[in-house]
Amino acid sequence: MPIPILATKLHLPQLRPNGVARPHLIQRLAAAQHTSLNLISAPAGFGKSSLLSAWHATTQRPIAWLALDERDNDPSRFFSYFVHALQSVIPELGTTSLGLIQAQSPALEQALTILINELSVVGKSVSLVLDDYHVIENHAIDQALSFLLEHLPASLRLIIATREDPNLPLARLRARGQLHELRSIDLRFSLDEAQLFLNQAMGLALSPADVAALETRTEGWIAGLQLAALSIQQQADRSRFIASFSGSHHFVMDYLLEEVLQQQTPAIQQFLLQTSILNRMCGPLCDALISKSTNSGQQMLEQLEQANMFIVPLDHERRWYRYHHLFGELLRQRLQRSLTQQAAISLEQLHIQASTWFEANELELEAFEHAAAANDIERAERLIEGKRVPLQFQGALLPIMAWLQALPTNVLNQRPSLWVTAAAVWLATGQVNGIEQRLQAAEQAIEHHPLTPKLHDLIGRIAAIRGTLALSQNDASQIIAQSKRALEYLALDNLSFRTSTVWKLGYAYQLQGQRSAARQAYEQAISIGQRSGNLVTVVLASIGLGNLQESDNQLKLAATTYQQVLEASRQLALPAANCGAELGLARIYYQWNQLDQAEQHYQRALQAAQLLQHTDREVACYVIKARLLIAQNQLDQASLLLEQASAAAQQYRHTTQPAKIAAEQVRIALMRGQVQQASQIAQAHQIPISQAQVFLAQQQPSAVLAVLQPVLALAQTNGWHDQLLWLTSMQSLALAALGEYGQAQQLLKKLLLGAEIEGFVRIFLDHGAAMQRLLSQIKLPSPQSNYVKQILTNYVNDQLPQLYPVTPGLTETLSQRELEILSLIAQGHSNQAICQQLHLALDTVKGHNRRIFEKLQVQRRTEAVARARELGLLSQ
């Protein structure tokens, strides 16, 4: 019996005016024209139909359209519409097959066989879109469509748009290369598309930050963006509205309720609501929350994924999932309401069940978060301690801070360990204010309890935290005193605090110049920290190790260490670690004369430093920035910055930075020719190297050597390699100024040998023209000579600092004629032979010889040749 056909079901939807062009998706559809099935599968509101309309406007290929609804679950009705849709583009098609389909006892396979044969004969290429296929639940239709796909002629391309995957042999088609898929991850709006949609299509004129915030909140869900845009049009303060936009907004809620949640069975709705408390979920975890479900948690998750139920897989194994943010917020809001109406299970019970599962599976942070959400203080306090390492040492600072901030004071007083945890957490984030008050509150609370082993350990923790406070002031003696007290009280199995205390001792030793002891402490802290999972201490000790590697002139190794720190600290929210590593990289790139990279690391270090309270890190950043400015000859800006740094150091009583600030101020004064001012600064701060620079500028090279001698002895005794490098450079300049060219060049060769392998450049450039002159005269074999050439190419003459007078080189004191005669002497020529070769009188040659001997400070011809070769004036 003929079935009446509603013509509008066969009409292609109109292309939206001002729609966002999506050429990359159109191209993918065009490129997939030879596949049998194009599957566009995504939840409601991802623009599936709009995309197909836009594609239709760009293709020459005839397209038939069939908009399905629930009544199409009757096979006769479905395939009647199917044939009529094809007839809309191939009118002569399907008359016989239509009769078989609409017969009293439909013969679907026979009808489809005839239809396939007719399509093969017609040979006209056509695409058929089956829109909203998710309404089809009749398996007979799936089977018939599978038969059609199995034998589909090349001229027909089937396109299915659906909210959930159809029950068709997708895996087989995929394996044969006969399936092309577009899914929600492909269809979601990118940031650029969101910007076009919101500001051009919807005319909202939002800022880039607001667009980015909406794109993030909606995860590119097009319907979500549209619902937000409609609401924003009525808002006076759009940014505020965007900040608060969530799944509980009534437009979003109405849409998701109507289009998604209410379409599900009661069992699925219960599953969705009760699992919405989870930020991520897997099958066994869902089983722990949903006890009465007929399907397992894993089966439910797979079912939800197949149904495109706003669920996002988090791994390739399809083990962990999460809900789309807006959908999850809607579910949690609905869960609150449903739990209020039915008291079968409380929200707290659900969180405790989740916490228990996470703890049993050693996912301690999530176990803590759900215990905190359940307001189970005893459980949360226990979980913070962790099985091996407290959670704050595992990078869980922010959730612990949020929980502690919400607790009333009387709860903290009853549990002094929470006061200590609060102090430790705030300290780890660099927020020093209030820490001592928290420690004192903990001590007062302890007085009201008998001294148990646990409280004994707590006293050790308090000392350890005070040691860290002293560390922020670089107070080495106080660090050591508090750390020793901490190690006395801390329980032997409290590896996390004991490890961090060992790290602090390392830092104190480093401040005191005991580098070997510091290295040993850092390595011990890293080793124990890695074994015990104390990531925070591992990161901090690694920074200390990087500092020592820098001090040992191992720039490449230190750079690798700092990069590893940045990678490891990415999830830890530790501004102190980020600042330390970025600052170290800024210093290293400065030394390599890669000033742009140094500037980038400085900027990031400064951002991190500004999150820290009462530390000298921001001042340390200003010092490296001043060096960068000086290197670019921007002396006024550098001077102002150093004044600012000096004021901050004085205000906060920083002990290590003033000398570094003064050293840069001395350099600036010397470059400006203000030698007297430079001398006053160097004397005030008693900086030997700066004093030596001033003496060099005052042309007192002997005074330079005298002031450097004790420093050099101390550096050699203690193995301070960085200072030895700098002292050697100063010595070579002083010796050259004294005319001791041989010794100057010997020291310079030694300096180059030590500096080349690590790529030092600025240690030479920062001495300015005087070092340039010395380097340009040195004679070295390859590849050392290449290194010298590389350094010399980095001198920029218009920015060349003039810290000290340039000493004339020896080659300049020997005239060209004297060098010529010296060369002939070296070849064994007698004075008479030289006379004949150069056409000079004998007395003239003897006069040249005498001046050569005087300048080289020798008395014989053989000594002159040896001396000249030593100085590189003659080839070997």
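Residues numbered from 1 in each chain as written. Predicted model: local features only at pLDDT ≥ 70, side-chain atom pairs only at ≥ 80, totals over all residues. Heavy atoms only, no water.

Notes on the overall build of the chain
Within the chain, the secondary structure is distributed over 48 helices and seven strands. The C-alpha radius of gyration computed for the chain amounts to 40 Å, which surpasses the reference 29 Å derived for 876 residues by more than 25%, pointing to a less compact arrangement than a globule. Taken along its principal axes, the extent of the C-alpha atoms in the chain is 135 × 90 × 50 Å. Sequence-distant contacts, at least 24 apart, represent 66% of the contacts inside the chain between residues at least 6 apart. Once the 69 positive and 73 negative side-chain charges of the chain are each reduced to a mean point, those two points are 7 Å apart. (Helix = DSSP H or I, 4+ residues; strand = E, 2+ residues; numbered from the N terminus. Rg over C-alpha atoms; globule rule 2.2 N^0.38 Å. Contact = heavy atoms within 4.5 Å. Lys, Arg positive; Asp, Glu negative; His and termini not counted. Charge placed at Lys NZ, Arg CZ, Asp CG, Glu CD.)

Quick word on the sheet that holds strand 1 (residues 37–41)
In spatial order, the strands read 2-3-4-1-5; together these five strands make up an open sheet with parallel pairing. Because the sheet does not close on itself, it has two edges, and the strands there are strand 2 (63–67) and strand 5 (179–183). Going across the sheet, the axis of each strand differs from the next one's by a mean of 15°, ignoring polarity. With five bridges connecting them, strand 1 and strand 5 associate as parallel partners. When the bridges of strand 5 are listed, L37 appears paired with L179. Sheet strands in contact with helix 2 (residues 48–56) are strand 1, strand 2, strand 3 (126–131), strand 4 (156–162) and strand 5, and its direction is about 150° off that of strand 4. (Pairing = 2+ DSSP bridges. Axes fitted to C-alpha atoms, helices over the stretch in contact; angles between N-to-C directions.)

Quick notes on the nonpolar core
One broad rule of soluble globular proteins: the nonpolar side chains tend to lie buried together. One finds F327, W403, L752 and F764 to be the most contacted residues of the largest nonpolar core, which totals 245 residues. If one sorts the elements of this core by residue count, helix 33 (residues 617–631) sits on top with eleven residues. Look past the residues within four positions of W403 in its chain and what remains in contact with it is F368, A372, I377, A380, E381, I384 and L418. Formed by 43 residues, the second largest nonpolar core is a distinct cluster that contains F82, A85, A144 and I160. (Core = buried A, V, L, I, M, F, W, Y, C linked by side-chain atoms within 4.5 Å. Buried < 20%, exposed > 50% of the residue type's maximum accessible area, 1.4 Å probe, protein only.)

Digging into the packing of aromatic side chains
Any aromatic ring pair is given by two values, namely how distant the centres are and how the planes are angled relative to each other. Scanning the model with the defined rule gives 14 aromatic pairs in all. Pairing F79 with F82 gives two aromatic rings, centres 5.6 Å apart and planes at 50°, and the pair type is tilted. Note that F79 and F82 are positioned in helix 3 (residues 75–87) at a spacing of three residues, about one turn of the helix. Comparing F79 with F82 shows no difference in burial state: the two are buried. When the ring of F764 is compared with that of Y787, the centres are 6.4 Å apart and the planes differ by 80°; the resulting orientation is edge-to-face. Taken as a pair, F764 in helix 41 (residues 762–765) and Y787 in helix 43 (residues 784–793) lie far apart in primary sequence, 23 residues in all. Like Y787, F764 is buried. Here the aromatic cluster, defined as three or more aromatic residues joined through ring pairs, consists of F46, W221, F310, Y323 and F327. (Phe/Tyr/Trp six-rings, centres within 6.5 Å; stacked < 30°, edge-to-face > 60°.)

Focus on helix 29 (residues 535–551)
End to end, helix 29 covers 24 Å across 17 residues, agreeing with the expected 24 Å (1.5 Å per residue, within 8%). Of all 17 residues that make up helix 29, 16 are buried, and the element is covered over most of its length. Remark: N553 follows helix 29 within two positions and exhibits a positive phi of approximately 65°. (Expected span 1.5 Å × (residues − 1).)

Some remarks on the UniProt feature "repeat: TPR" (unreviewed entry) in the chain
Per the UniProt record, "repeat: TPR" (unreviewed entry) is found at residues 499–532. Strand forms 0% of residues 499–532 and helix 91%; the C-alpha atoms that close the span are 9 Å apart. (UniProt positions renumbered as here; feature names shortened; annotations may be inferred.)

Quick look at helix 28 (residues 515–532)
Over its 18 residues, helix 28 runs 25 Å from end to end, which matches the ideal 26 Å to within 8%, given 1.5 Å per residue. Of the positions making up helix 28, those classed as buried are R515, A518, A521, Y522, A525, I526, I528, G529 and S532. At its buried positions, helix 28 is contacted by helix 27 (495–511), helix 29 and helix 39 (721–737). Of the residues one or two after helix 28, G533 is the one with positive phi, at around 80°.

A word on the side chain of D457
With respect to the element layout, D457 can be found in helix 25 (residues 453–472). What makes D457 buried here is its relative accessible area of 6%. From its side chain, D457 meets the backbone nitrogen of A491 in a polar contact 2.7 Å long. Looking at D457, its side chain comes within polar contact range of the side chain of N494, at 3.0 Å. For D457, the residues in contact, after removing those within four places along its chain, are Y489, L490, A491 and N494. (Polar contact = N/O pair within 3.5 Å; in protein donor to acceptor, adjacent residues only side chain to side chain.)

Quick look at the environment of Y509
Checked against the element boundaries, Y509 lands in helix 27. Here Y509 falls in the partly exposed class, since its relative accessible area comes to 21%. Along the backbone, Y509 and R174 are 335 residues apart, and their C-alpha atoms lie at a distance of 64 Å. Leave out the neighbours within four places in its chain, and Y509 touches I480, Q514, A517 and A518.

Section: the pattern of salt bridges
Once their charged atoms are close, side chains differing in charge can pair, the charge on each being opposite to the other. Applying the stated criterion across every chain yields a total of 37 salt bridges. Taking the shortest distance from any N to any O, the salt bridge between R77 and D72 comes out at 2.8 Å. With respect to class, R77 is no different from D72; both count as buried. Within this structure, K9, D69, R71, D72 and R77 form a network of salt bridges that share partners. (Salt bridge = Lys/Arg side-chain N within 4 Å of Asp/Glu carboxyl O.)

Focus on the packing of helix 39 against helix 40 (residues 741–756)
Interaxial distance between helix 39 and helix 40 falls to 8 Å at its minimum, and their mutual angle equals 160°. In terms of axis orientation, helix 39 runs roughly antiparallel to helix 40. Crossing hand, helix 39 versus helix 40: left-handed. Contact with helix 39, carried on its side by L725, T728, S729, Q731, S732, L735 and A736, involves Y741, Q743, A744, L747, L748 and L751 of helix 40 and no other residues of that element. Considering only residue class, the contact of helix 39 with helix 40 consists of eight nonpolar, five polar and no charged. (Parallel < 35°, antiparallel > 145°, perpendicular 65-115°, else oblique. Left-handed = near helix turned anticlockwise from the far one by under 90°. Nonpolar A, V, L, I, M, F, W, Y, C, P; charged D, E, K, R; others polar.)

Here we look at the side chain of T162
Counting through the fold element by element, T162 comes out in strand 4. For T162, a relative accessible area of 0% corresponds to the buried category. There is a polar contact of 2.5 Å between the side chain of T162 and the backbone oxygen of E164. The residues contacting T162, other than those within four sequence positions of it, are L39, I40, S41, A42, K48, Y133, H134 and N308.

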